[in-house]
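Examining the three-dimensional arrangement
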Amino acid sequence: MKKAALPLTLLMTFILTCSAANGQQGYGDDVDTLAPPRIWWGDKIPEEYSDANRPWQGIPSIEVTSDHRVWVTWFTGGRDEGASNYTLLITSDDKGETWSQPIFAIDPESTVRAYDPSLWYDPLGRLWVFWAQGNISRHDANKKIIEGPDGDKIRDCRAGVWCMITDNPEAGTDAVWSEPRRISDGIMLNKPIVDSQNRWLFPIAVWRRNTRYPVDPEQHIGPNVFVSTDEGKTLSLLGHSKLEAKKSGWDEHHIVERHDGSFWILVRVLHGMGEAFSNDGGKTWTDVEPSPVIKQTASRFCIRRLQSGNLILVKNGPVGEDVGRNTIMAALSTDDGKTWSEPLVIDERNDVTYPNATQSPDGTIYVVYDHGRYSNKEILMARFTEDDLVKGEFVSKDAKTRMLVNKAGK
């Protein structure tokens, strides 16, 4: 199937850089990490990418479009998180009861990998799939085997946020997608938001961890907020919150606009949950400090504004507890995060992680997460309403949990 490009030009007016210790731009197999990725479409996806041949998978994202079609993306490939990683996208036209085969697999060449994808349904009715793309290798620029800080692998701290967009997601597997475009350095694991000024705010981070590259501190390592005032055509850096190196690892942050007009960032830090605030529209931020209310293990969580104006928080365990990567729960706040309801238990098992949530036009809340990335190899989904959250149990007619989205079989 031929995929036409949308007439969309995504430009970056702020470029982050990360230079190698030996002065070279690349390393590892010295491949071009800025090159567009290889994409396998539909029935052209090789057999090696099939469910039966994947030994692990996880880190999913979910979105629902205006026709109630559900979309899920995640990454997999190779034996673990490494050079063979690629990103998949599937869809469901029956609210997650059944799922399509992969629509495409995004798999860059050589030691460049596609990872940490995210989905977003924008106010114009377009579906975006974002992913990170960067080098990961066991060799330096001179082809010598090195011992990096993560086992014996080194990672490209510059990475890069890429995207593809469709303006007809209601077509499902026949939707027409734009060509891949790189919109910034860094990684964006969570969804953009649209604020009260109709600005599009993108939670993009440049990670400090797992790199042998020295980074200029003025290059804004850590959680950033990028802004677009032209519906995603161009992005620029709006603001940045400082996060100490000893607390920083994977800055998987979310942006929340509060009812008083201030902004709140929630950030994954090495020892739990950090937060920062802005009172000038996101231009300047407090430093990241531990949250006094929300406790979380060092793993991704999800916080979103619901149609009611209330906030939903999906994380491991109760709001004020760190229970490790176990027990996915969801809680509701009616006062902008000051207090939270008794949680709704989505999955009480161990090794359930990385929840991502969205709300459909009819008010249904969807949560996707992974279960046993290297053992069960499952991508799972829960479906419920805000009333279920209020009551703390699944009481609505169509509420379900542990719905199987995909299971790898190797």
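See the structure shown above.
This text gives an overview of the structure that appears in the document. Just so we're clear, the structure is a prediction, and the values are computed from it rather than from any experiment.

Attention now moves to the overall build of the protein chain. Within the protein chain one finds one helix and 27 strands. Taken over 410 residues, the protein chain has a buried fraction of 59%. Put simply, of all contacts in the protein chain between residues at least 6 apart along the chain, 58% involve residues at least 24 apart. Just so you have it, the protein chain exposes about 16000 Å², and 48% of that area is on carbon and sulfur atoms.

A few words now on the pairing of strand E17 (residues 263-269). With seven of seven residues buried, E17 is to be regarded as a mostly interior element. Burial along E17 is two-sided: the face carrying Phe-263, Ile-265, Val-267 and Val-269 and the face carrying Trp-264, Leu-266 and Arg-268 are both buried. For strand E16 (residues 254-257) and E17, the ladder comprises four bridges, and the chain directions are antiparallel. Bridging from a neighbouring strand, His-254 pairs with Leu-266 of E17. The turn linking E16 back onto E17 is made up of five residues, and Gly-261 within it adopts a positive phi angle of 90°. Direction of pairing for E17 relative to strand E18 (residues 272-278): antiparallel, over a ladder of seven bridges.

Its boundaries defined by the atoms lining it, the largest pocket holds a volume of some 670 Å³. Residue lining of the largest pocket: 30 residues in total, with Trp-120, Pro-192, Ile-193, Arg-304 and Arg-305 positioned closest to the centre. Sorting the residues of the lining of the largest pocket by element identifies strand E3 (57-64), strand E7 (112-121), strand E12 (193-194), E16, strand E20 (302-305), strand E21 (311-316) and strand E24 (352-359) as the ones contributing at least two each. When grouped by side-chain class, the residues that make up the lining of the largest pocket number 16 nonpolar, eight polar and six charged.

Turning to the sheet that holds E17, a few remarks are in order. By way of backbone hydrogen bonds, the strands of a sheet pair with one another, either parallel or antiparallel. Read from one edge of the open sheet, four strands run E16-E17-E18-E19, paired in antiparallel fashion. Strands at the two margins of the open sheet, each flanked by one partner only, are E16 and strand E19 (289-290).

Let us now look at the environment of Leu-243. Secondary-structure assignment places Leu-243 in the loop between strand E15 (234-240) and E16. Considering only alpha carbons, one finds Leu-243 and His-220, 23 residues apart in sequence, at a separation of 9.8 Å. Ignoring sequence-local partners within four residues, the contact set of Leu-243 consists of Arg-208, Pro-223, Ser-248, Asp-251, Val-267, Val-269 and Val-288.

The next subject is the side chain of Asn-190. Looking at where Asn-190 falls in the secondary structure, it is placed in the loop between strand E11 (181-184) and E12. In this structure the side chain of Asn-190 is engaged in a polar contact, spanning 3.4 Å, whose partner is the side chain of His-254. In this structure, Asn-190 is in contact with Ser-118, Pro-203, Glu-252, His-253, His-254, Arg-300, Phe-301 and Asn-356, ignoring residues within four places of it in sequence.

What counts, and at which threshold
Residues numbered from 1 in each chain as written. Predicted model: local features only at pLDDT ≥ 70, side-chain atom pairs only at ≥ 80, totals over all residues. Heavy atoms only, no water. Helix = DSSP H or I, 4+ residues; strand = E, 2+ residues; numbered from the N terminus. Buried < 20%, exposed > 50% of the residue type's maximum accessible area, 1.4 Å probe, protein only. Contact = heavy atoms within 4.5 Å. Areas by Shrake-Rupley, 256 points an atom, 1.4 Å probe, with all protein chains shown as cover. Pairing = 2+ DSSP bridges. 1 Å grid on protein atoms, 1.4 Å probe; cavity = no way out; pocket = protein on both sides within 12 Å on 5 of 7 lines; lining within 4 Å. Points joined across faces, edges and corners; volume = space filled by probe spheres on them. Nonpolar A, V, L, I, M, F, W, Y, C, P; charged D, E, K, R; others polar. Polar contact = N/O pair within 3.5 Å; in protein donor to acceptor, adjacent residues only side chain to side chain.

Keep in mind these numbers describe shape, not what the thing actually does.
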